[in-house]
Structures are given as structure tokens and as C-alpha cells.
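Here is what each chain is made of, one letter per residue.
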Amino acid sequence: ALSTSLDIGLSNWSFLYVTVSLYTMTKSSAILFILLFSLLFKLEEVRVTLLLVVLLIAGGLFMFTYKSTQFNAQGFVLVLCASFLGGIRWTLTQILMQKAELGLQNPIDIMFHLQPLMFLGLFPLFAVFEGLPLSISEKLIRFHEAGMLFSLVGKLFLGGILAFGLGFSEFLLVSRTSSLTLSIAGIFKEICILFLATHLLGDRLSLLNWLGFAVCLSGISLHVILKAMNSKGEKALKLQKEASSNPDLELLLRHTEHGE
């Protein structure tokens with residue numbers, strides 16, 4: 001809950017300093033930290049292919065931020081810290097949702113337990129950095145027009161619904177399918193965000209920046225492909241073991257192979 005709240009808080013904070021495109025590209029580095037903590041928690045094994053994935057993503061990130069005209073060091077550090085916490089967040093989420101005895105496979109259940117603790121983890125930062133200025137501003141009280149109040153409440157309400165839907169869908173994907181599906185959806189999301197940022201918000205990206213983004217995406221795509229191949233191999237091995245312990249099943253598999 002603490003890592004999730006700080007991930008969201010630092011991500012939102014960074015938008016004061018960086019563009020959507022720089023935020024999107026830097027946040028893609030979260031998979032580096034997911035791999036790191038997966039190795040630490042024994043969810044992944046050290047392989048040469050994993051090192052290649054890390055090098056591709058890190059190199060792409062460097063190319064994207066190199067001589068960027070809209071680069072901001074403070075915002076970049078905030079997003080990088082959020083990515084680090086995001087790695088902890090999803091690694092721990094995977095561990096929690098894979099433990100059947102905890103009964104947290106349902107997204108509503110895990111959100112019910114996490115959201116109050118997330119509020120407690122993020123509230124001190126809000127109170128220190130935004131509490132006093134916001135309490136005396138027209139954005140919270142002393143409205144001169146009722147339309148301003150309704151507009152602000154409407155935007156907050158819509159943002160809250162979208163945030164709830166995002167969290168629910170992410171947890172649902174992890175619990176019902178796998179992290180592989182979440183990774184594939186994440187790659188598509190990055191492309192859509194960058195396309196919208198350049199066409200709607202006027203973000204400027206050089207050829208080197210786009211090349212760095214492509215290299216980073218290739219690293220992520222390689223990781224997704226390797227995970228798919230590894231998962232397929234594990235299923236085949238499990239099926240062979242079950243067949244060797246069950247003569248009837250082994251006979252059925254042989255007939256199937258001859259039929260193919």
C-alpha cells in the first residue's frame with residue numbers, strides 16, 4: 001500500500017515539471033525494477049536474455065532523455081523514483097495474489113484492503129507540501145462562482161472514476177490472466193500516450209528520442225516474448241510429468257501426436 005501510494009503521488013507530482021511524453025518514456029523503466037525485485041524475491045532466474053532486456057531498456061531510456069529540449073532533472077528524478085516504487089508494488093502484488101490462502105484474488109478485495117492504507121501513506125506528503133497553500137486558495141474554498149466549484153468537483157469525480165477503473169483492471173488482469181497480458185497492454189498504452197502527447201499537447205521529440213523509445217519498446221517486447229516461450233515450455237513439461245504418472249493420459253497424448 002505504501003509503495004502504491006508513493007508511486008501514484010510521485011507520478012502526479014512529476015507532472016508539474018515534465019511533459020507527458022517524457023513521463024511516459026521514463027515510467028517505462030519500471031520494468032527494470034520489476035525484473036530486479038523479481039530476481040530478489042526469486043520470482044525470476046538470472047539469465048543472459050534478462051541482461052539483454054535490461055540493457056535494451058536502459059539504453060533506450062538514455063537515448064530518449066539525451067539532449068531533450070523539454071528535459072527537467074527534478075521531474076525526471078520524481079518519475080524514476082515512482083518507477084522504482086512501481087517495481088516493488090507489482091512484485092509484491094504478484095506475491096499476494098498468488099497466495100490462495102490470503103483470499104485476495106478478487107480485485108475488489110485487494111483494493112478494499114489497500115486503499116485505506118494508501119490514503120494514510122500519502123496524506124502526510126499532501127499535508128506538508130500542499131495542505132496550507134490549498135487550504136487558503138480559491139481552488140478549495142472562497143469560490144466566487146458556483147460554476148467553478150461544480151467544474152472542479154466534476155473533474156475530481158471523473159478522475160477518481162478513471163483511477164478506480166485503472167486499478168481495478170490492473171488487479172483483474174494479474175488475478176485472472178497473467179503479468180504477460182498486462183505487459184502487452186502496457187506496450188500498447190505507451191504508444192497511444194506518446195501519439196496523443198505529440199498531436200494534442202504539442203510535445204516535441206527528436207529523431208534520437210523516438211529511436212530511444214523504439215529501443216526501449218524492443219527490450220520490453222523481447223521480455224514479453226521470452227516470458228511467453230518460458231510459460232509455454234513450463235506447461236509442456238508439466239503435462240509430460242502428469243502423463244508419465246498416468247498411463248491412460250500418456251496413451252492419449254501419443255494418439256494425439258500421431259493424429260497430428
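- The protein is annotated in an unreviewed UniProt entry as Solute carrier family 35 member C2 of Balearica regulorum gibbericeps.
- As its UniProt record puts it under Subcellular location (unreviewed entry), the protein is described as follows: "Membrane".

With respect to the confidence of the model for the protein
For step 1, the next point in the chain: Summarising the model, the protein shows a mean pLDDT of 78, and 81% of its residues fall at 70 or more.
For step 2, the next point in the chain: Highest mean pLDDT in the protein belongs to helix α1 (residues 2-14) (91); lowest belongs to helix α10 (residues 247-259) (56).

Describing the pattern of salt bridges
For step 1, the next point in the chain: Applying the stated criterion to the full structure yields three salt bridges.
For step 2, the next point in the chain: Across the salt bridge formed by D7 and K27, the nearest N and O atoms sit 3.2 Å from each other. On the criterion of sequence distance, the pair formed by D7 in helix α1 and K27 in helix α2 (residues 20-27) is long-range, its members being 20 residues apart. K27 shares its class with D7; the two are buried.
For step 3, the next point in the chain: For R89, the salt bridge goes to D7, with nearest N and O atoms at 3.1 Å. Here R89 is found in helix α5 (residues 73-98), whereas its partner D7 is found in helix α1, with 82 residues between them in sequence.
For step 4, the next point in the chain: Judged by its relative accessible area of 10%, R89 is buried.
For step 5, the next point in the chain: On the basis of relative accessibility, which here comes to 3%, the residue D7 falls in the buried class.
For step 6, the next point in the chain: One salt-bridge network, held together by shared partners, links D7, K27, R89 and E170.

What about the packing of α5 against helix α7 (residues 146-176)?
For step 1, the next point in the chain: Relative to each other, α5 and α7 sit at 50°, their axes nearing to 10 Å. One way to sum up the angle between α5 and α7 is to call them oblique. The hand of the α5/α7 crossing is right-handed. Here R89, W90, T93 and M97 of α5 come into contact with α7, specifically with E170, F171, V174 and S175.
For step 2, the next point in the chain: Residue composition of the contact of α5 with α7, grouped by class: four nonpolar, two polar and two charged.

Observations concerning the UniProt feature "transmembrane region" (unreviewed entry) in the protein
For step 1, the next point in the chain: Mapped onto the present numbering, the UniProt feature "transmembrane region" (unreviewed entry) falls on residues 20-41, 48-66, 72-92, 112-129, 149-168, 180-201 and 207-226.
For step 2, the next point in the chain: Measuring from the first to the last C-alpha atom of residues 72-92 gives 30 Å, for a span that is 95% helix and 0% strand.
For step 3, the next point in the chain: From the first C-alpha to the last, residues 149-168 spans 28 Å; its make-up is 100% helix and 0% strand.

A word on the packing of aromatic side chains
Between two aromatic rings, the relevant description is the distance of the centres plus the angle of the planes.
For step 1, the next point in the chain: Enumeration according to the criterion identifies eight aromatic pairs in this entry.
For step 2, the next point in the chain: Look at F119 and F123: their rings are 5.5 Å apart centre to centre, the planes differ by 40°, and that puts the pair in the tilted class. Of this pair, F119 and F123 both sit in helix α6 (residues 107-135), four residues apart, roughly one helical turn.
For step 3, the next point in the chain: Looking at F119, the relative accessible area reads 52%, which means it is exposed.

Overview of the packing of helix α3 (residues 30-40) against α5
Between two packed helices, both the angle of their axes relative to each other and the distance between the axes serve to describe the pair.
For step 1, the next point in the chain: Taken N-terminus to C-terminus, the directions of α3 and α5 make an angle of 45°; their axes are 8 Å apart at the nearest point. Between α3 and α5, the angle is such that the two are oblique. Crossing angle aside, the handedness with which α3 passes α5 is right-handed. Here A30, F33, I34, F37 and S38 of α3 come into contact with α5, specifically with L80, S83, F84, G86, G87, I88, W90 and T91.
For step 2, the next point in the chain: Of the residues assigned to the contact of α3 with α5, the class counts are eight nonpolar, five polar and no charged.

Regarding α2
For step 1, the next point in the chain: Counting buried positions along α2 yields seven of eight residues, so the element is predominantly enclosed.
For step 2, the next point in the chain: Considered for burial, the residues of α2 that qualify are S21, L22, Y23, T24, M25, T26 and K27.
For step 3, the next point in the chain: The N-cap of α2, judged by a side-chain oxygen 3.3 Å from the amide nitrogen of L22 a few residues on, is T19.

Each value, and the rule that gives it
- Residues numbered from 1 in each chain as written.
- Predicted model: local features only at pLDDT ≥ 70, side-chain atom pairs only at ≥ 80, totals over all residues.
- Heavy atoms only, no water.
- UniProt positions renumbered as here; feature names shortened; annotations may be inferred.
- pLDDT = per-residue confidence, 0-100.
- Helix = DSSP H or I, 4+ residues; strand = E, 2+ residues; numbered from the N terminus.
- Salt bridge = Lys/Arg side-chain N within 4 Å of Asp/Glu carboxyl O.
- Buried < 20%, exposed > 50% of the residue type's maximum accessible area, 1.4 Å probe, protein only.
- Axes fitted to C-alpha atoms, helices over the stretch in contact; angles between N-to-C directions.
- Parallel < 35°, antiparallel > 145°, perpendicular 65-115°, else oblique.
- Left-handed = near helix turned anticlockwise from the far one by under 90°.
- Contact = heavy atoms within 4.5 Å.
- Nonpolar A, V, L, I, M, F, W, Y, C, P; charged D, E, K, R; others polar.
- Phe/Tyr/Trp six-rings, centres within 6.5 Å; stacked < 30°, edge-to-face > 60°.
- Polar contact = N/O pair within 3.5 Å; in protein donor to acceptor, adjacent residues only side chain to side chain.

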